[in-house]
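Take a look at the letters that make up each chain.
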Amino acid sequence: MTKQTLAQQRSHPATVPDAVVEVDGLTKAYGDHKVLKGLSLSVAAQEIFGILGPNGVGKTTAVETIQGLRSRQGGSVRVLGLDPARDRSQLRPLLGSQLQASALPERLRVGEALRLFCRLAGDVVDWRELRDTWDLARLERSSFGSLSGGERQRLFIALALANRPRVVFLDELTQGLDPAARRDTWRLIRRIREQGATVVLVSHYMDEVEQLCDRVAVLHDGCITACDSPQGLISLVGGSVRTRFSSEAAAVVSGLERIPGVESVSSDGRVVDVSGDASTPVLVAAELARRNAVPDDFTVVRPSLEDVFVTLTSGGRS
């Protein structure tokens, strides 16, 4: 499926039931540079909703404008039924936010930050509850400057929840973290949803949105190019499923092209590559077993979210 066909199908995502965030035709420009060109999206209650796109396409501008942190030139935005431009004072206590450029004074201690943010939020949450819930007790007397990247992100998540928000915005939360810290942060994001909040997650990591998000909106050239579940987006792009295994025996390779759903079979004399539809790997495996050929490197490569990303974002960036 071509990029143009996908854009025609998904450029205007349908409104979802129980939407807590509704954006229609959002535009934003800096001088003559148009960053958002009619962005539309809808986020359901208690959903983890991902906004995926290359660096520099306006993801941060989009979420900050939706929160009312930046002005918009056109379009409408409703968050929990409120317009962030007009009802900012009413909306602020209902939102939690971790911005891409989040930082704290280097000498500020973790416990001091928790107490301060909870006090500023009106003490709707006991700072000790946040400390214990997000496993920060051992860091209570540590300064912000001494924290590792993963520890800082854990603190930022806790601070974003100091007002017990109904919608939480997280912008590039795991950028720069090592794999272990990223996976730990993913667990924390899931916990936010389990506690009843809706999460809007900005990322450019394919594995992250595929692991976490109920739905993903792909942002490119100032608007949403596609919006669906990760698997739904993968299905839209389609493409062949590849089955690969090692075998130097001609008898093993012979006739595989006659298996239903197989499109092509190639071999370099050592590695066999079979392309076909979604059922092909099972049928190929069954045929190999029937021939008493059980390769120990049998691999299935299916279309991925990365394939979707490349298809939808190829070309110039805004």
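Positions within a chain are numbered from 1, following the residues in the order the chain's sequence is written. Residues qualify for local features only when their pLDDT is at least 70, as the model is predicted, and side-chain atom pairs are given and counted only at 80 or more; totals for whole chains, interfaces and linings, by contrast, use all residues. Calculation of side-chain values draws on the structure's entire complement of heavy atoms; hydrogens and water are dropped beforehand.

*Asks:* Where do I start with the overall build of the protein chain in this structure?
*Replies:* Numbering of helices and strands runs from the N terminus, with a helix taken as a DSSP run of H or I at least four residues long and a strand as a DSSP run of E at least two residues long. Of regular secondary structure, the protein chain possesses twelve helices and 13 strands. For the protein chain, the spread of C-alpha atoms along the three principal axes comes to 75 × 45 × 35 Å. Buried positions account for 48% of the 318 residues belonging to the protein chain. Total accessible area on the protein chain stands at roughly 15100 Å², and carbon and sulfur atoms take up 48% of it. In summary, the charge assignment counts Lys and Arg as positive and Asp and Glu as negative, without counting His or the chain termini. Where a charge lies is defined by one atom per residue type, namely NZ (Lys), CZ (Arg), CG (Asp) and CD (Glu). The centroid of the 39 positive side-chain charges in the protein chain is displaced by 5 Å from the centroid of its 39 negative side-chain charges. Any residue under 20% of the maximum accessible area for its type is buried, any over 50% is exposed, and the rest in between are partly exposed; the area is computed with a 1.4 Å probe on protein chains only. To measure how exposed things are, a 1.4 Å probe is used in the Shrake-Rupley method; for residues, cover is taken only from the protein chains shown.

*Asks:* Got a minute to help me understand the nonpolar core in this structure?
*Replies:* Nonpolar side chains in soluble globular proteins generally cluster together in the buried interior. Only buried residues count toward a nonpolar core, which is a set of Ala, Val, Leu, Ile, Met, Phe, Trp, Tyr and Cys residues joined through side-chain atoms within 4.5 Å. Counting 48 residues, the largest nonpolar core has Leu114, Trp134, Leu155 and Ile192 as its most contacted members. A contact between two residues is defined here by any heavy atoms of the two lying within 4.5 Å. Setting aside residues no more than four positions away along its own chain, Trp134 makes contact with Arg154, Ile157, Ala158, Leu161, Leu188, Arg191, Ile192 and Gln195. In terms of nonpolar packing, the next biggest core, distinct from the first, is built from 29 residues, Val20, Ala62, Leu80 and Leu82 among them.

*Asks:* Got a minute to help me understand the packing of aromatic side chains in this structure?
*Replies:* Aromatic ring pairs: the centre-centre distance and the angle between the two ring planes describe each pair. Two aromatic rings from Phe, Tyr or Trp, using only the six-membered ring of Trp, form a pair when their centres are within 6.5 Å; if the ring planes differ by under 30 degrees the pair is stacked, by over 60 it is edge-to-face, and anything between is tilted. Going through the model one piece at a time under the given rule, you end up with two aromatic pairs. When the ring of Phe144 is compared with that of Phe156, the centres are 5.7 Å apart and the planes differ by 55 degrees; the resulting orientation is tilted. Of the two residues, Phe144 sits in the loop between α5 (127-133) and α6 (149-160) while Phe156 sits in helix α6, which places them twelve residues apart along the sequence. Only when the NZ of Lys or the CZ of Arg is both within 6 Å of the ring centre and within 35 degrees of the ring normal is a charge said to sit over the ring. Residue placement shows Arg182 over the ring face of Tyr205; its charged tip is 4.4 Å from the ring centre. The ring of Trp134 carries the charged tip of Arg191 above its face, separated from the ring centre by 4.9 Å.

*Asks:* Looking at this model, I keep getting lost on helix α4 (residues 110-120). Mind explaining?
*Replies:* For an α-helix, the turn length of 3.6 residues means that residues three or four places apart are oriented alike. For α4, the full list of buried residues reads Val110, Gly111, Ala113, Leu114 and Cys118. Seen from one end, α4 has its buried residues packed into an arc of 160 degrees, which puts them on one side. Opposite its buried face, α4 presents the exposed residues Arg119 and Leu120, each directed more than 90 degrees away. Against the buried residues of α4 lie α5 and α6. Immediately downstream of α4, the backbone of Gly122 shows phi near 90 degrees, a positive value. Read the arc as the range of directions from the helix axis to the C-beta atoms.

*Asks:* Is there a simple way to explain the pairing of strand β1 (residues 19-30) in this structure?
*Replies:* As a general feature of sheets, a regular strand has side chains that alternate between the two faces. Alignment of β1 against strand β2 (residues 33-44), held across nine bridges, turns out to be antiparallel. Bridge pairing links Val23 to Leu41 in β2. Strands are treated as partners if at least two bridges between them are detected by DSSP.

*Asks:* Looking at this structure, how should I read the pattern of salt bridges?
*Replies:* A side chain with one charge may pair with a side chain of the opposite charge, provided their charged atoms come close. When a carboxyl oxygen of Asp or Glu is within 4 Å of a side-chain nitrogen of Lys or Arg, the pair counts as a salt bridge. Applying the stated criterion across every chain, the model contains 23 salt bridges. Residue Glu208 is joined to Arg182 by a salt bridge in which the shortest nitrogen-to-oxygen separation is 3.6 Å. One end of the pair, Glu208, is in helix α8 (residues 206-212); the other, Arg182, is in helix α7 (residues 179-194), and 26 residues separate them in sequence. We classify Glu208 as buried; its relative accessible area is 0%. The salt bridge involving Glu287 is made with Arg291; its shortest N-O contact spans 2.7 Å. A relative accessible area of 25% places Arg291 in the partly exposed class. Salt bridges sharing partners connect three or more residues here, namely Arg72, Asp83, Arg86 and Asp87.

*Asks:* Just checking my understanding: could you explain the sheet that holds strand β4 (residues 74-79) for this structure?
*Replies:* Remark on secondary structure: sheet strands pair via backbone hydrogen bonds, oriented parallel or antiparallel. Taken together, the three strands give an open sheet; going across it, the order is β2-β1-β4, and neighbouring strands pair in antiparallel fashion. Strands at the two margins of the open sheet, each flanked by one partner only, are β2 and β4. For this sheet, the mean angle separating the axes of adjacent strands, direction not counted, is 15 degrees. By the bridge criterion, five bridges tie β1 to β4 in an arrangement that is antiparallel. Under this scheme, a helix contributes an axis fitted over its contacting stretch, all axes are lines through C-alpha atoms, and angles between N-to-C directions fall in the 0 to 180 degree range.

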